Amino acid sequence: MADAARLPGSPAYLPGLASRMLSEAREPGAALALLETIVRQENDPARRAVLERRILEVTVERDLQILERAVESYREKMGAVPRALTDLVRAGICRGYRRSPTGEDT
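The following refers to the structure shown. The residue numbering used here restarts from 1 in each chain and proceeds along that chain's sequence as written. Side-chain atom pairs in this predicted model are given and counted only at pLDDT of 80 or more, local residue features only at pLDDT of at least 70, and totals for whole chains, interfaces and linings cover all residues. Hydrogens are left out, water is left out, and the side-chain values use all remaining heavy atoms of the structure.

## Structural notes on the overall build of the chain
By definition, any uninterrupted DSSP run of H or I lasting at least four residues is a helix, any uninterrupted run of E lasting at least two residues is a strand, and each is numbered from the N terminus. If you tally the helices and strands in the chain, you get five helices and zero strands. For the chain, the succession of helices and strands along the chain, N to C, is α-α-α-α-α. For a compact globule of 106 residues, the expected C-alpha radius of gyration is about 13 Å, and the chain comes in at 17 Å, more than 25% above that figure. Projected onto its principal axes, the C-alpha positions of the chain cover 50 × 25 × 15 Å. Relative accessibility thresholds used throughout: buried, under 20% of the residue-type maximum; exposed, over 50%; partly exposed, between the two (1.4 Å probe, protein chains only). Expressed as a percentage of its 106 residues, the buried residues of the chain come to 27%. Pairs of residues are marked as contacts when any of their non-hydrogen atoms sit within 4.5 Å. Here the analysis covers contacts within the chain between residues at least 6 apart in sequence; of these, 35% occur between residues at least 24 apart. Per-residue and other accessible areas follow the Shrake-Rupley method at a 1.4 Å probe size, with only the shown protein chains counted as cover for residues. Only carbon and sulfur atoms are counted for the fraction: they give 55% of the accessible area of the chain, which is about 7000 Å². C-alpha atoms define the radius of gyration, and 2.2 Å times the number of residues to the power 0.38 defines the globule rule.

Printed below as a string of structure tokens:
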């Protein structure tokens, strides 16, 4: 599916579908790599906008998966779930946190 999504003239929905499959398979990094390759080659502004929106969505999915793993690690280490992101940082599980892909503080 990813190879087909890279083909010129492929249906507009195909990159989104391929990236969804990769994200659902817990491979958001592969989904992002696929989308970033396709968006660089896209000349149609409407299709490019859809791809860029999908990149933001997959980035959020990736970050949520990272956060879920960090919370689980904290729970295993401390015996409770963290009350705030700073708990993950203080426990040495996360180095810090950054702005979200939409530009808001996280």
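## Concerning the pattern of salt bridges
Here, a salt bridge means any side-chain nitrogen of Lys or Arg that lies within 4 Å of a carboxyl oxygen of Asp or Glu. Scanning all chains against the criterion turns up eight salt bridges. For the salt bridge of Glu 72 with Arg 75, the shortest nitrogen-to-oxygen distance reads 2.4 Å. Of this pair, Glu 72 and Arg 75 both sit in helix α4 (residues 45-78), three residues apart, roughly one helical turn. Of the residues examined, Glu 72 reaches a relative accessible area of 32% and is grouped as partly exposed. In this structure Arg 75 comes out as partly exposed when scored by relative accessible area, which is 37%. Residues participating in the shared-partner salt-bridge network are Arg 53, Arg 54, Glu 57 and Glu 61.

## Observations regarding the environment of Glu 36
Turning to its location among the elements, Glu 36 is positioned in helix α3 (residues 28-41). Expressed as a C-alpha distance, the spacing of Glu 36 and Pro 8, which sit 28 residues apart in the sequence, is 15 Å.

## Remarks on the environment of Arg 62
One can find Arg 62 in helix α4. Looking at Arg 62, the relative accessible area reads 24%, which means it is partly exposed. Placed 31 residues apart in sequence, Arg 62 and Ala 31 show a C-alpha to C-alpha distance of 9.5 Å.

## Concerning the packing of α3 against α4
Between N-to-C directions, angles span 0 to 180 degrees; the directions come from axes that are lines fitted to C-alpha atoms, helices contributing only their stretch in contact. Two elements in contact, α3 and α4, have axes whose closest approach is 9 Å; the angle formed by their N-to-C orientations is 165°. Considering their axes alone, α3 and α4 lie roughly antiparallel with respect to each other. α3 and α4 meet at a crossing whose hand is left-handed. Of the residues in α4, those touching α3 at Pro 28, Ala 31, Leu 32, Leu 35, Glu 36, Ile 38, Val 39 and Arg 40 are Arg 48, Leu 51, Glu 52, Arg 54, Ile 55, Val 58, Thr 59, Arg 62 and Gln 65. Angular relationships are summarised with four words: roughly parallel below 35 degrees, roughly antiparallel beyond 145, roughly perpendicular across 65 to 115, and oblique for the angles in between. Take the far helix as the reference: if the near one is turned anticlockwise from it by less than a right angle, the crossing is left-handed, and if turned clockwise, right-handed.

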